[in-house]
Amino acid sequence: MDDYPLLNLFWTMLWFFLWILWFFLLFKIITDIFRSDDMGGWGKAGWMIFVIILPFLGVFVYLIARGKSMGERDLAQMQQNEAAFKRYVQDAAGSSGGASGPSKADELAKLADLKTSGAISEEEFQKAKAHLLG
């Protein structure tokens, strides 16, 4: 370690970081090519050949040509994931209402509101909660 100066270690780590960053960008673009709905099969094949044969030029041209739509697709995917997660949480909590009436979570929330407003006492709250859960 004595014959490897600190500045060389810094440059080695910098180049290693850039190498990893390059692969991350390359895989992100390849994923975006396959995820794109506005491009046909021949367009996807053309971009893939361009990115594989001439990787640096292909990646930079793809970012220039389709970078904005790439961000829009990422945003749409995140919004879909968030909506799916919210639906899952609502279904798991049973707060979707539905034909069977209010859920247990809704009833417990109403009981808690009644208790905090002073409409029912702590004992009444505990009894109603035990009845609802049991």
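Reference entry: report on the structure contained in this document. (Residues numbered from 1 in each chain as written. Predicted model: local features only at pLDDT ≥ 70, side-chain atom pairs only at ≥ 80, totals over all residues. Heavy atoms only, no water.)

## Quick word on the pattern of salt bridges
Phase 1: Counted by the stated rule, this structure contains eight salt bridges.
Phase 2: Note that Arg35 and Asp32 form a salt bridge whose closest N and O atoms lie 3.2 Å from each other. In this pair, Arg35 and Asp32 both sit in helix H1 (residues 6-35), three residues apart, roughly one turn of the helix.
Phase 3: Residue classification places Asp32 among the buried residues on the basis of a relative accessible area of 1%.
Phase 4: Measuring nitrogen to oxygen at the nearest pair gives 2.5 Å for the salt bridge that ties Asp74 to Arg35. Of the two residues, Asp74 is situated in helix H3 (residues 55-93) and Arg35 in helix H1; the sequence distance between them amounts to 39 residues.
Phase 5: When salt bridges that share partners are traced, they join Lys28, Asp32, Arg35, Asp38, Arg66, Arg73 and Asp74 into one network. (Salt bridge = Lys/Arg side-chain N within 4 Å of Asp/Glu carboxyl O. Helix = DSSP H or I, 4+ residues; strand = E, 2+ residues; numbered from the N terminus. Buried < 20%, exposed > 50% of the residue type's maximum accessible area, 1.4 Å probe, protein only.)

## Some remarks on the environment of Ala105
Phase 1: With respect to the helices and strands, the residue Ala105 is situated in helix H4 (residues 104-117).
Phase 2: Residue Ala105 is classed as partly exposed on the basis of its relative accessible area of 36%.

## Observations concerning the packing of aromatic side chains
Phase 1: Per the counting criterion, the structure on display carries eight aromatic pairs.
Phase 2: Judged by centre distance (5.0 Å) and plane angle (90°), the ring pair of Trp19 and Phe23 falls under edge-to-face. A residue pair is termed a helical-turn pair when its members lie 3 or 4 positions apart in one helix, as Trp19 and Phe23 do in helix H1 at four residues.
Phase 3: Taken together, the ring pairs connect Phe16, Trp19, Phe23 and Phe27 into an aromatic cluster.
Phase 4: Across the ring face of Phe125, the terminal group of Lys115 is positioned such that the distance to the ring centre comes to 4.6 Å. (Phe/Tyr/Trp six-rings, centres within 6.5 Å; stacked < 30°, edge-to-face > 60°. Lys NZ or Arg CZ within 6 Å of the ring centre and 35° of its normal.)

## Regarding H1
Phase 1: Under the 1.5 Å per step criterion, the end-to-end length of H1 is 43 Å for 30 residues, consistent within 8% with the ideal 44 Å.
Phase 2: As for H1, its buried residues are in contact with helix H2 (41-53) and H3. (Expected span 1.5 Å × (residues − 1). Contact = heavy atoms within 4.5 Å.)

## Observations regarding a nonpolar patch on the surface
Phase 1: Together, Tyr4, Leu6, Leu9, Met13, Phe16, Trp19, Ile20, Phe23 and Phe27 make up a nonpolar patch on the protein surface, roughly 930 Å² of accessible area in all.
Phase 2: Leu6 sits in the exposed class, given a relative accessible area of 69%. (Patch = residues over 30% accessible without salt bridge, like charges linked within 9 Å, V, L, I, M, F, W, Y side chains within 5 Å. Areas by Shrake-Rupley, 256 points an atom, 1.4 Å probe, with all protein chains shown as cover.)

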